[in-house]
Amino acid sequence: MPRVFSGIQPTGDPHIGNYFGAMKNYVRLGEEYGKNSIYCVVDLHAITNPAAYDPAQLSKRTFEMAVANFAAGLDPSKVTFFVQSQVPEHHELSWVFTALTPVGELERMTQYKDKSEQLESVPAGLLMYPVLMAADILLYKADTVPVGEDQTQHIELTREIARKFNHAYGETFPEPKAVYAKDALRIPGVDGHGKMGKSKGETSTLGILEPLDSIWQKVRVAPTDPARVRRTDPGDPDKCLIGDYHKLFSDLPTIETVYAGCRTAGIGCVDCKKMLMEGMRRELEPLQARAADLRADPDLVRDALEQGAKEARAIAQPVMEEVREKVGFLKSR
Ligand code: TYM
């Protein structure tokens with residue numbers, strides 16, 4: 001049976017890019033593989049980027065990220081769901097991998113280049129970030145990793161680290177593969193400037209827990225196909241981010257109506273946006289109601305996370321023991 005692993009950073013409210021690009025796949029794979037699907041809020045990763053990290057907020061955001069995933073349909077009694085810093089084997093394995101990974105390869109990672117460019121002083125943790133990510137995945141000997149397209153390079157590095165370890169110490173780890181969501185590889189930001197991303201700030205993101213009024217304020221002013229200058233100008237919905245969002249939120253008849261209406265100038269962009277909001281409301285309102293119920297019972301959420309960490313450690317500890325032995329550390333008696 002495949003072993004699934006993925007992680008999500010608690011650096012801000014989860015947005016529809018996280019939701020359709022990754023979280024929905026967590027749920028789908030969780031239904032298929034049960035406790036063999038392992039998901040984690042990666043708080044150790046979140047402290048590597050000083051621009052996005054606030055110690056006063058981290059534990060609250062970690063809690064909120066768990067709530068968002070449970071509200072989106074992950075059932076912690078059926079899958080393994082935990083907080084990364086509660087399973088110390090992650091950084092232990094990460095250190096072993098650090099000793100195997102050439103600095104040059106880490107410097108080539110595009111996410112590292114993008115993030116470090118914006119900083120005056122670059123923490124070493126930002127460079128080591130993908131090594132920790134490899135440790136997350138391989139600690140569970142996972143072979144299936146649901147992610148968005150932006151993580152492809154990191155998963156390739158994980159495969160390389162697995163190969164290097166296996167070559168140096170004997171066959172130990174699988175070479176994991178990324179699994180992407182169809183139609184949601186790289187969801188564009190609502191400001192029209194590239195990929196939707198938490199690090200780009202709230203003008204780029206539509207949060208799944210964000211009040212619908214606030215979502216509408218952003219959708220209302222979102223850029224559409226520039227060919228539609230006047231209401232009577234036809235457009236191309238494939239060149240419009242509202243068209244992209246319809247594919248995520250709307251049912252087939254609505255998608256057909258708005259696509260045909262855009263091409264023939266039968267509907268205006270405001271109508272098209274209002275129809276999108278109906279789909280968003282249908283998807284997000286029940287999710288937000290479930291999140292409110294979960295927040296009202298924080299002990300339930302915390303207990304589920306602690307139980308998840310126990311389950312994760314039960315898998316991680318024997319793997320780490322195998323690694324310690326192969327690397328040659330003197331066993332404590
Ligand atoms: P993070 O927290 O930035 O994002 C969580 C997941 O959401 C996906 N995603 C998107 N998918 C489609 N369109 C978008 N606009 C979009 N924005 C984000 C991401 O690809 C990701 O799958 N490095 C990871 C966290 C991580 C991890 C791991 C993932 C740590 N260890 C081990 C997998 C396995 C990250 O920063 O994700």
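Everything here concerns the structure above.
First things first, this report covers the structure right here in the doc. Here the structure is a predicted model, which means the values were calculated and not measured.

1. What to know about the site of the ligand
At step 1: Taken together, 28 residues form the shell around the ligand, and within it Gln-9, Tyr-129, Asp-136, Gly-148 and Asp-150 come nearest.
At step 2: At 2.9 Å from a nitrogen atom of the ligand is found a main-chain nitrogen or oxygen belonging to Met-196.
At step 3: Among the elements of the structure, strand 1 (4-8), helix 1 (16-33) and helix 7 (124-138) are those that each provide at least two residues to the shell around the ligand.
At step 4: A breakdown of the residues in the shell around the ligand according to their chemical character gives 13 nonpolar, 10 polar and 5 charged.

2. Focus on the packing of aromatic side chains
At step 1: Applying the stated criterion to the full structure yields 10 aromatic pairs.
At step 2: Measuring from centroid to centroid gives 5.0 Å for Phe-70 and Phe-81, while their planes differ by 65°, and the two rings are edge-to-face. Here Phe-81 lies in strand 3 (residues 80-83) and Phe-70 lies in helix 3 (residues 55-71), a separation of 11 residues in the sequence. A single burial state applies to Phe-70 and to Phe-81, both of which are buried.
At step 3: In this structure, Lys-115 packs its charged tip against the face of Tyr-129, placed 5.9 Å from the ring centre.

3. Concerning the side chain of Ser-250
At step 1: If you trace the backbone, Ser-250 turns up in the loop between helix 10 (241-249) and helix 11 (252-263).
At step 2: For Ser-250, a relative accessible area of 11% puts it in the buried group.
At step 3: At a separation of 2.7 Å, a polar atom in the side chain of Ser-250 contacts the side chain of His-246.
At step 4: Sequence-distant contacts of Ser-250, defined by excluding residues within four places in its chain, comprise Ile-255, Met-275 and Arg-282.

4. A few points about helix 6 (residues 110-117)
At step 1: Listed in full, the buried residues belonging to helix 6 are Gln-111, Tyr-112 and Ser-116. The buried side chains of helix 6 occupy one side of the element, clustering within an arc of 115° when seen end-on.
At step 2: Along its buried surface, helix 6 packs onto helix 5 (103-107), helix 7 and helix 8 (152-169).

5. What to know about the nonpolar core
At step 1: Counting residues in hydrophobic clusters, the biggest one holds 59 residues, and the most contacted among them are Ile-16 and Tyr-245.
At step 2: Per-element accounting of this core gives the leading share, 9 residues, to helix 1.
At step 3: Domain assignment of the residues forming this core places at least three in each of domain 1 (4-187 + 298-327) and domain 2 (211-291).
At step 4: Ignoring sequence-local partners within four residues, the contact set of Ile-16 consists of Gly-21, Ile-187, Met-196, Leu-206, Ile-208, Tyr-245, Phe-249 and Met-280.
At step 5: Formed by 40 residues, the second largest nonpolar core is a distinct cluster that contains Leu-100, Ile-155, Ile-161 and Ala-316.

The rules we used
Residue numbering note: each chain is counted from 1, following its sequence as written. Selection of residues for local features in this predicted model requires a pLDDT of at least 70, selection of side-chain atom pairs for listing and counting requires 80 or more, and totals for whole chains, interfaces and linings are taken over all residues. Working from all heavy atoms in the structure, the side-chain values ignore hydrogens and water. Any residue with at least one heavy atom within 4 Å of a molecule or strand is counted as near it. Polar contacts, as counted here, are pairs of nitrogen or oxygen atoms within 3.5 Å of one another; within protein the pair requires one atom able to donate a hydrogen and one able to accept it, and residues that are adjacent in sequence qualify only if both atoms are side-chain atoms. A run of H or I in DSSP becomes a helix once it reaches four residues, and a run of E becomes a strand once it reaches two; helices and strands are each numbered from the N terminus. Under the scheme applied, nonpolar residues are Ala, Val, Leu, Ile, Met, Phe, Trp, Tyr, Cys and Pro; charged residues are Asp, Glu, Lys and Arg; polar residues are all the others, including Gly. We call Phe, Tyr and Trp rings a pair once their centres come within 6.5 Å, taking the six-membered ring for Trp, and we label the pair stacked below 30 degrees between planes, edge-to-face above 60, and tilted otherwise. When a residue's accessible area, from a 1.4 Å probe over protein chains only, is under 20% of the maximum for its type it is buried; when over 50% it is exposed; and in between it is partly exposed. Our definition puts a charge over a ring when NZ of Lys or CZ of Arg is within 6 Å of the ring centre and also within 35 degrees of the ring normal. Contacts are residue-level and defined by heavy atoms, with any inter-residue pair within 4.5 Å sufficient. Think of the arc as the fan of directions from the helix axis to the C-beta atoms. Within this scheme, the nonpolar core is defined by two criteria: the residues are buried Ala, Val, Leu, Ile, Met, Phe, Trp, Tyr or Cys, and they are joined through side-chain atoms within 4.5 Å. Domain delimitation follows an automatic or database domain assignment.

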